Amino acid sequence: MNRDYAEKQDLWAEMSELWAARQSRRRKARLGVTALFSVLIMAGAFVYNFSTTTQDPIYLQVQGNQLEMEKSVSASSAPGVEAREKRVEFTETLSI
């Protein structure tokens with residue numbers, strides 16, 4: 001009777017160790033997938049940011065609250081010609 005009880009205890013201890021190892025592997029796999037996903041998001045954001053800042057913009061660029069005119073736009077006015085009224089129109093699109 002005592003031997004059966006000792007064997008059951010050993011079996012339960014071994015099953016507990018196997019369960020703990022399985023949970024540890026699952027946790028490591030989840031962490032790995034989460035880390036990979038976050039790295040992919042960061043890389044995508046970097047590539048998107050890099051691609052939008054390196055292209056040659058044709059129109060005015062709005063950076064923060066400051067407007068900067070491109071050289072081609074500011075250099076196009078001929079000397080002696082009065083400067084026309086400069087205005088910037090903003091349109092906003094709201095999506096719900």
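Residues numbered from 1 in each chain as written. Predicted model: local features only at pLDDT ≥ 70, side-chain atom pairs only at ≥ 80, totals over all residues. Heavy atoms only, no water.

Draft legend 1. Here's a closer look at the overall build of the chain. Helix and strand counts for the chain come out as two helices and two strands. Buried positions account for 1% of the 96 residues belonging to the chain. With an accessible surface of roughly 10,100 Å², the chain has 58% of that area assigned to carbon and sulfur atoms. (Helix = DSSP H or I, 4+ residues; strand = E, 2+ residues; numbered from the N terminus. Buried < 20%, exposed > 50% of the residue type's maximum accessible area, 1.4 Å probe, protein only. Areas by Shrake-Rupley, 256 points an atom, 1.4 Å probe, with all protein chains shown as cover.)

Draft legend 2. View of a positive patch on the surface. A surface patch of positive charge is lined by Arg22, Arg25, Arg26, Arg27 and Arg30. Positionally, Arg22 belongs in helix 1 (residues 2-54). (Patch = residues over 30% accessible without salt bridge, like charges linked within 9 Å, V, L, I, M, F, W, Y side chains within 5 Å. Salt bridge = Lys/Arg side-chain N within 4 Å of Asp/Glu carboxyl O. Lys, Arg positive; Asp, Glu negative; His and termini not counted. Charge placed at Lys NZ, Arg CZ, Asp CG, Glu CD.)

Draft legend 3. Examining the pattern of salt bridges more closely. Evaluation of the coordinates by the stated rule reveals one salt bridge. Note that Arg3 is salt-bridged to Glu7, the shortest N-O span being 3.9 Å. Here Arg3 pairs with Glu7, and both are found in helix 1, just four residues apart, close to one helical turn. Look at Arg3 and you get exposed, because its relative accessible area is 64%.

Draft legend 4. Examining a nonpolar patch on the surface more closely. A surface patch of nonpolar side chains, amounting to about 360 Å² of accessible area, comprises Leu11, Trp12 and Met15. Its location among the elements puts Trp12 in helix 1.

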